[in-house]
Amino acid sequence: MLQTAVEGLAYGGLYALLGLGFFLTYGVLRRIDLAYGTVVMTSVYLGAMIAGGLGLPWPAVVVLTLVAGVPLSLLVAYIAFFLIRQDARFSMAATLGIWMALEELILQSPGRGRGQPVSNPLQDMSLWLGELQLRIDHLLIFGLGLVIAMLLVRFLSTSRNGLAIRVSAYDADVAALLGISHRRMMILATVIASAVGCIAGWSFAVAQSGIDLHFGMWATVKGLVILVLGGTQSIPLIVTAAVGLGIAERVGSELIGSGYRDLVGYGVILLLLAAEPFLRSGGLRSGDRR
Amino acid sequence: MSYWFTIAALTGINVLLAYSVYASFMSGQVSIGQAAFFGVGAYVGASLTVLGGFDLISAVLVAGFAGAAASLFVGVPTLRLKGYHFTIATVAFAEAVRVILHNLKYGRPRSSGNVGDQWLGPDGATGFRHIAYLNENGITTGQYALIVWVIVVIVVIGFFLVERSRIARILRTIEEDEVVARAIGIPVARYKVAAFVCGGFIAGMSGALYAHLLTFISGGDFIIHLSTIALAYVVIGGGQTMWGPLLGAILFTVLPETLRPIKDFRIELFGLLIILVMLFRPTGMISAAAVRRWSTPWAPKAQRKRPTEAF
């Protein structure tokens, strides 16, 4: 049981990164980006395919993923959130379109949507604490989640740009009066969100020794779950929710069978949304109270 | 010919699916979870004819009620929340249902059949095979397409009547501004839930019809993509009037079949089209204003223009 809980930590780190990505897009842009996971998947996929084709070492995959992912996210944000502004529903529908088109393009690419191997520099390295096996790469993913979360907290609470993003997220009009360009903040938030997402996607691919088509949808759904669980107010809350979900899913799958693993997350989200009117604090609702 | 009958039946099923999205869309709620009610309907409908010995029509009706019950389950707690939360809840519910359907196993052994294929009813990840009602009762694909379209016509007439009633005005008011709707005394949550449950009923019927057409279903059929495509029918066709979903679903089921070269790139074109429609004609192909213009060609020009769009 403890072993599964430890494995859950790695997923917790991954969920934290995905949740942070959604936190930035939803928090600043007030838009739900349904193409988020697919964009991340596409970038890692392209990175792995190109690096694999050219026989480049593993750091190249990270670089290529970021090179593909950041412009792609900016393009999505430009089309779905900047050009389409009048109604949040239209924006969401547009990201839906991007998701469908992108996923299908990958399916029909030369790779035919087959999984792309991603080399794992830390393969088979584990720490042993008595009976407990700790995979180094899993620990690293968890650490990565925590470190990036801490950096983000620091960035948002102390740096000029971070504060500007928060003002912009709070109220675009106030931001404009303070001389902050909402558009610049949108770009900045999108870039950070996509970088965080790309790193999350890559680290997951490393732990799984490959990336496949399903990761996109899975990442989007998990990100949304974390967004609901953790709310849009505090990063530590998001990280806590993510780690909690990661562990709960693993332990839950041990108890009720692996086929039902994903049910834990969905069950929690439904329960939480159902209980939402009674829980006046926390959750998405407090994020919307403006 | 039987191929085209299959397409016709499938088109009807997709039209129903589009209307199931449209029902709650009228009140401004976007559901990306119709696959759940479609899937519940498919499993319930198929179980009733295969294991319960029901006839098709009652099975389809019961499947509709099952879909409605499922949507009530999601709708009651979540429709009180604002837009997004409801949408996220539908996604979560659809995925939860898919996981459950994927793991479902009940039924009884089959007397005949090859080794490893001797189960009647859903068999976990293998899926639900041998939904042979049409074959056993000698219903041809053509007759089945007719049955499907009779149901479609009934649903369309239903929407036609609703669209001209007070109910539609109330739903559109809720869509336009919930606060105003509440202020003038509309029980907002009740109407939203009612619309959503109607959508669930239609999706459930549609799912049962789908299961009998395909004769083989599995949890993998009811992934989130199905919900997104259903939403796309409405968004592309137009969500302001009842003609939008009809056009969207027919066009995007029939067109890929007739234009072979584009069939492989169907989904890409679909996605691209959603983006383009949202960019340049966010009302969808058929807008409320266009319907007004077409339905009253004799109206004087000054009256054609309304101060505001309905959307």
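First, a word on scope: everything that follows refers to the structure included in this document. In this text, all values refer to a predicted model and were calculated from it rather than measured experimentally.

### Focus on the packing of helix α3 (residues 56–78) of chain B against helix α9 (residues 188–214) of chain B
Residues and elements named next belong to chain B.
- Remark: α3 packs on α9, axes separated minimally by 6 Å, with the N-to-C direction vectors making an angle of 140°. Put simply, α3 runs oblique to α9. Note on packing geometry: the crossing formed by α3 with α9 is right-handed.

### Some points on the interface of chain B and chain A
- Contact with chain B, which involves 42 residues of that partner, is made by 43 residues of chain A.
- Approximately 3,800 Å² of surface area, both sides summed, lies buried where chain B meets chain A, with 77% of it carried by carbon and sulfur atoms.
- Summed over the shared surface of chain B and chain A, the result is zero salt bridges.
- In this assembly, chain B and chain A are joined by one residue pair in polar contact (both at pLDDT 80 or more).

### Things to note about the sheet that holds strand β2 (residues 119–122) of chain B
All names here are of chain B.
- In space, the three strands of this open sheet follow the order β1-β2-β3, with antiparallel pairing throughout. Only two strands of the sheet have a single partner each, and these edge strands are β1 (108–109) and β3 (128–129).
- Relative to β3, β2 is paired through two bridges, and the arrangement is antiparallel. Within the sheet, the bridge partner assigned to G121 lies in β3 and is R129.

### Brief notes about the pattern of salt bridges
- Under the counting rule described, the total for this entry stands at five salt bridges over all chains.
- K222 of chain A is paired through a salt bridge with E249 of chain A; the nearest N and O atoms lie 2.7 Å apart. Of this pair, K222 of chain A sits in helix α9 (residues 214–230) while E249 of chain A sits in helix α10 (residues 235–256), and the two are 27 residues apart along the sequence.
- Ionic pairing is found between R98 of chain B and E95 of chain B, a salt bridge with its closest N-O pair at 3.0 Å. Taken as a pair, R98 of chain B and E95 of chain B lie in helix α4 (residues 83–103) at a separation of three residues, close to a single helical turn. Of the two residues, R98 of chain B and E95 of chain B, neither departs from the other in class, the shared state being buried.

### Describing the packing of aromatic side chains
- Throughout the structure, instances matching the rule amount to 23 aromatic pairs over all chains.
- Residues F215 of chain A and W218 of chain A carry aromatic rings whose centres are separated by 6.0 Å and whose planes lie at 40° to one another, so their mutual orientation is tilted. In this pair, F215 of chain A and W218 of chain A both sit in helix α9, three residues apart, roughly one turn of the helix. W218 of chain A matches F215 of chain A in its accessibility class, with the two residues each being buried.
- Relative to F159 of chain B, the ring of Y19 of chain B has its centre 4.7 Å away and its plane inclined at 25°; by these criteria the two rings are stacked. A residue pair is termed long-range when its members are at least 10 positions apart, and Y19 of chain B in helix α1 (residues 2–25) and F159 of chain B in helix α6 (residues 141–163) qualify at 140 residues.
- Here Y19 of chain B falls in the buried class, since its relative accessible area comes to 0%.
- The side chain of R250 of chain A reaches across the aromatic face of Y11 of chain A, ending 3.8 Å from its centre.
- For the cation-ring pair, R164 of chain B lies above F160 of chain B, with the distance from its terminal atom to the ring centre recorded as 3.9 Å.

Cut-offs and rules
Residues numbered from 1 in each chain as written. Chains lettered and ligands numbered in written order. Predicted model: local features only at pLDDT ≥ 70, side-chain atom pairs only at ≥ 80, totals over all residues. Heavy atoms only, no water. Axes fitted to C-alpha atoms, helices over the stretch in contact; angles between N-to-C directions. Helix = DSSP H or I, 4+ residues; strand = E, 2+ residues; numbered from the N terminus. Parallel < 35°, antiparallel > 145°, perpendicular 65-115°, else oblique. Left-handed = near helix turned anticlockwise from the far one by under 90°. Contact = heavy atoms within 4.5 Å. Buried area = accessible area lost by both parts, 1.4 Å probe. Salt bridge = Lys/Arg side-chain N within 4 Å of Asp/Glu carboxyl O. Polar contact = N/O pair within 3.5 Å; in protein donor to acceptor, adjacent residues only side chain to side chain. Pairing = 2+ DSSP bridges. Buried < 20%, exposed > 50% of the residue type's maximum accessible area, 1.4 Å probe, protein only. Phe/Tyr/Trp six-rings, centres within 6.5 Å; stacked < 30°, edge-to-face > 60°. Lys NZ or Arg CZ within 6 Å of the ring centre and 35° of its normal.

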